[in-house]
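What follows is each chain in one-letter form.
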Amino acid sequence: GYWGGVNINIAVALCVQLYPNTSPASLLRKFFLVFKTWRWPNPVMLTKPHDAGFGLPVWAPGPQTARQVSPMLTPAYPSMNSMANVSRQTLQIMHEEFCRGHEIVDRLWKQHQKKKNAGEDDADPLDWVELFRPSDFFIAYPYYLSLCIVGPTEADVQTWGGFVESRLRILVSGLLGKSLPLSKIQLWPKKIGACVADRSALLTMDQRRNSITYFVGFQVDKLRMRGSQLNVELQMQHFRDWELSRFSPLVSGMDIMAKTFTCKHLPLICFEIYDGAKQSAMKRRRMLRDMDPKRKARRQANKLAELKAKMEAIKKRKEAAAAGDAAKTEDDDENESEKKRKRSDSDVEDETDQMVAVKAEQGSGDVDGGNDGEEDLLENALDTLQDSEGGERKTREDAEADRKKLLSGELLVEGADVAEDEDIDFTGDGEEGRRSFVVNKSKPRLPPTEGGTKVYKDIRALPMKEEEAELLRTAGYTVVSDAETEATIVGGNMPTPFRSKVEDENGEEAASNKKKPKGSIQFRTKFDMVELDANGLIIDKGDNDFAPSKSWKGRMAGFEFKLGERGLGYYRTGKKVVVPSNTAY
């Protein structure tokens, strides 16, 4: 789900096209700037796609490509999307890395320009360590999910692990990312040659010895979270039944074990990529948490609220002291009241200075200068590219809003092929593995015509020209338009043939057209619908305590595979077997 060598080459070639006279040193900074501000899901392409007429499929905007979140087209014929596997979750991670890379490179570039303008000797090289620092994956998330792939032998775990690796993208971006209330999820693409499964798991020594582990980090969206626990067993079982069951031959002992960790309880083998192992990684984690802008904003807001409360308390004490001073005689308490007044004034001045400092600190984080000119030039270039591609014209604000909605999962989600001009949001997997979709209300963006009437482009509106509508009106049909939904109804005043009244010669309604009494058949005994096999026996389809299966398909939580009273399958552990009354053996 991330960029490969072909994608990086196309991205660099695009930056060279946009900045042909830029030096290689500046091109690195331009690279991060371009893809930090790129208007996804607009395609990245070096040349326009063309059809040479050889019958090969060529990428084109339409219903088949509407669900692709970040298309990057190959320049040669046939043009195709080289980033079809990129999901919304991986695009969100890449966009964050582009922003982080641009921030680091831009800070180094400013340091270089400052030294150059000051006439200082450039003997001290720039510090590029921050840009090439190992990933902060194991300290960036509060929760982690380990996927331990086990097999009976080393050869089996290699073939079984390769098959599971090819399906992990479906588990992470599809099942977990779409069905759970998660704000961010990331799969660590490197495998760890160790078994971190729970000690209570029923694994043999060979299985623990022949195992590989992948880690998935995720953040929970507290606004969408209901309850205090997050259960992933349903998604894991769906992954086993619908994806891993396709592997052949499935040998006994091949399985995948899941276990959750917090950041502090991760195994020590995860922190071997950092200098200083886990201790230095935890220090960097605390530093990153303190540098988080949202955390800083919360601290500053709390501090400002405390200072306001202190000023209110000082003001009340000052008013109470003034009222007490007025009640006493001026001659006796003149010196004492003067001291209190000076002390209160000094306290108010200190609190006011602290409030000013906090507000100044808040305002200093919003100041960003030096890149406005470059960003404006890049935005103009993106406007030119968008005009040359054709299609719907969007303003900069609309493009930025669409990109934010895409990264947050509100705009488009990769999935299936849909009809043209439909705005469909993928909500997750429904019953029996079918995907469910929700149609969102589309907003028209077309400007009004010369006559002053607006032309709406809506998925619920019937595309109809005014000439065709006039012909239908002349023929006796009524064209009704609803202003809220823009739904067009043709023939609203024409009765359907089977509802038309048939009259005889005397003008009376025919007897055949009169309403007849309706009859219904009701059974006192309710019958169960069953399915028979070739021998005429009733097929047991299972229930909550039993799942029929002709072969072992892997472990199921809370079940055991055996031949019992209801046949061969998975029986719930510790549950008494009850044969249903509608099943015969």
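Residues numbered from 1 in each chain as written. Predicted model: local features only at pLDDT ≥ 70, side-chain atom pairs only at ≥ 80, totals over all residues. Heavy atoms only, no water.

Attention now moves to the overall build of the protein. For the protein, the helix and strand inventory stands at 13 helices and 11 strands. A buried classification covers 31% of the 585 residues belonging to the protein. Here the analysis covers contacts within the protein between residues at least 6 apart in sequence; of these, 62% occur between residues at least 24 apart. When the accessible surface of the protein is totalled, it reaches about 38400 Å², and 53% of it is carbon and sulfur. (Helix = DSSP H or I, 4+ residues; strand = E, 2+ residues; numbered from the N terminus. Buried < 20%, exposed > 50% of the residue type's maximum accessible area, 1.4 Å probe, protein only. Contact = heavy atoms within 4.5 Å. Areas by Shrake-Rupley, 256 points an atom, 1.4 Å probe, with all protein chains shown as cover.)

On to helix α7 (residues 233-242). Every buried residue of α7 is listed here: Q235, M236, Q237, F239 and R240. Residues of α7 that are buried make contact with β1 (143-150), α5 (154-179) and β4 (255-262).

What follows is about the nonpolar core. Judged by nonpolar contacts, the single largest core of 30 residues is most densely connected at W3, F31, F35 and L91. In contact with F35, not counting residues within four places along its chain, are W3, A11, L14, C15, W40, V44, H95 and F98. Counting residues in each nonpolar core, the second largest holds 26 residues, with L182, I185, V216 and M254 among its members. (Core = buried A, V, L, I, M, F, W, Y, C linked by side-chain atoms within 4.5 Å.)

Pairing in this open sheet of 3 strands is antiparallel, and the strands run β9-β11-β10 from one edge to the other. With partners counted over all chains shown, the strands left at the sheet margins are β9 (546-548) and β10 (559-564), one partner each. For this sheet, the mean inter-axis angle between neighbouring strands, taken without regard to orientation, is 30°. In the sheet, β9 pairs with strand β11 (residues 567-572) via 3 bridges, with the strands oriented antiparallel. Bridged to A547 within β11 is Y570. (Pairing = 2+ DSSP bridges. Axes fitted to C-alpha atoms, helices over the stretch in contact; angles between N-to-C directions.)

Looking now at empty space enclosed by the protein. For the coordinates displayed, the defined rule picks out 5 cavities of 30 Å³ or more. Looking at the lining of the largest cavity residue by residue, the class counts come to 5 nonpolar, 2 polar and 3 charged. (1 Å grid on protein atoms, 1.4 Å probe; cavity = no way out; pocket = protein on both sides within 12 Å on 5 of 7 lines; lining within 4 Å. Points joined across faces, edges and corners; volume = space filled by probe spheres on them. Nonpolar A, V, L, I, M, F, W, Y, C, P; charged D, E, K, R; others polar.)

On to the confidence of the model for the protein. On average, residues of the protein score 75 in pLDDT, and 68% of them are at 70 or above. Predicted confidence is poor over residues 365-369, with pLDDT under 50, and the contacts of this stretch with residues over four places away or in other chains come to 2 contacts. A low-confidence stretch, residues 496-500 (pLDDT under 50), is modelled with 1 contact involving residues beyond four sequence positions or located in other chains. (pLDDT = per-residue confidence, 0-100.)

This brings us to the packing of helix α2 (residues 24-36) against helix α3 (residues 88-118). The N-to-C vectors of α2 and α3 enclose an angle of 145°; their axes lie 8 Å apart at closest approach. The two elements α2 and α3 cross, and the hand of that crossing is left-handed. Note on element contacts: α3 touches α2 through H95, F98, C99, G101, H102, V105, D106 and W109, opposite L28, R29, F31, F32, L33, F35 and K36. Partitioning the contact of α2 with α3 into residue classes produces 9 nonpolar, 3 polar and 3 charged. (Left-handed = near helix turned anticlockwise from the far one by under 90°.)

In this section: a nonpolar patch on the surface. A cluster of nonpolar side chains, namely I8, V12 and V16, defines an oily patch on the protein surface of about 210 Å² accessible area. Looking at the secondary structure, you find I8 in helix α1 (residues 5-18). When its relative accessible area of 40% is taken as the criterion, I8 is described as partly exposed. (Patch = residues over 30% accessible without salt bridge, like charges linked within 9 Å, V, L, I, M, F, W, Y side chains within 5 Å. Salt bridge = Lys/Arg side-chain N within 4 Å of Asp/Glu carboxyl O.)

Turning our attention to the side chain of Q186. Looking at where Q186 falls in the secondary structure, it is placed in strand β2 (residues 182-187). The exposure class assigned to Q186 is buried, which follows from its relative accessible area of 13%. Engagement of the side chain of Q186 in a polar contact is seen with the side chain of Y141, the distance being 2.6 Å. Apart from residues lying up to four places away in sequence, Q186 is in contact with Y2, I93, F137, Y141, F215, V216 and G217. (Polar contact = N/O pair within 3.5 Å; in protein donor to acceptor, adjacent residues only side chain to side chain.)

With 31 residues, α3 ought to run about 45 Å at 1.5 Å a step, and its terminal C-alpha atoms sit 45 Å apart, in line with that. Among the residues trailing α3, G119 stands out with phi positive, at a value near 75°. (Expected span 1.5 Å × (residues − 1).)

In this section: the sheet that holds β4. Within a sheet, adjacent strands bond to each other through the backbone by hydrogen bonds, running parallel or antiparallel. Strand order in the open sheet formed by 4 strands is β2-β3-β1-β4, with antiparallel pairing between adjacent strands. Both edges of this open sheet fall to β2 and β4, since each of them pairs with a single strand only. The mean inter-strand angle of the sheet, taken between neighbouring strand axes irrespective of direction, is 20°. Pairing geometry for β1 and β4, over 8 bridges, is antiparallel.

Following the sequence through the fold, L202 ends up in the loop between β2 and α6 (205-209). L202 gets classed as exposed once you look at its relative accessible area, which sits at 68%.

Within this structure, the stated rule accounts for 27 aromatic pairs. For the pair W3 and F31, a centre-to-centre distance of 6.4 Å together with 75° between the ring planes defines the contact as edge-to-face. Here the residue W3 occupies a position in the segment before α1, and F31 occupies one in helix α2, the gap between them amounting to 28 residues. With respect to burial, W3 and F31 carry one shared label: buried. Here the aromatic rings of F137 and Y144 are separated by 5.6 Å at their centres, their planes lie at 75°, and the arrangement is edge-to-face. Taking the relative accessible area as the measure of exposure, F137 reaches 2% and is therefore buried. A residue is classified by how much of its surface remains accessible, and Y144, at 0% relative accessible area, is buried. It is R29 that lies over the ring of W109; its NZ or CZ is 3.9 Å from the centre. When the ring centre of Y571 is taken as reference, the NZ or CZ atom of K562 above it lies at 5.3 Å. (Phe/Tyr/Trp six-rings, centres within 6.5 Å; stacked < 30°, edge-to-face > 60°. Lys NZ or Arg CZ within 6 Å of the ring centre and 35° of its normal.)

Turning our attention to the pairing of β11. Bridging between β10 and β11 involves 6 bridges; their strand directions are antiparallel. Across the sheet, residue L563 finds its bridge partner in β11, namely L568. Two successive antiparallel strands, β10 and β11, enclose a turn made up of 2 residues.

Two elements in contact, α5 and α7, have axes separated by 10 Å at closest approach and are oriented at 145°. Judged by the twist between their axes, the crossing of α5 over α7 is right-handed. Here R167, L171, L175, L176 and S179 of α5 lie close against α7, whose contacting residues are Q235, M236, H238 and F239. Classifying every residue of the contact of α5 with α7 gives 5 nonpolar, 3 polar and 1 charged.

The next subject is a positive patch on the surface. A cluster of like positive charges, contributed by K264, K283, R286 and R289, occupies part of the molecular surface. In this structure, R286 sits in helix α8 (residues 277-290). (Lys, Arg positive; Asp, Glu negative; His and termini not counted. Charge placed at Lys NZ, Arg CZ, Asp CG, Glu CD.)

Turning our attention to the pattern of salt bridges. For the structure shown, the criterion picks out 19 salt bridges. Taking the shortest distance from any N to any O, the salt bridge between D543 and R566 comes out at 3.0 Å. Of this pair, D543 sits in the loop between β8 (488-490) and β9 while R566 sits in the loop between β10 and β11, and the two are 23 residues apart along the sequence. Looking at D543, the relative accessible area reads 40%, which means it is partly exposed. A relative accessible area of 6% means that R566 is categorised as buried.

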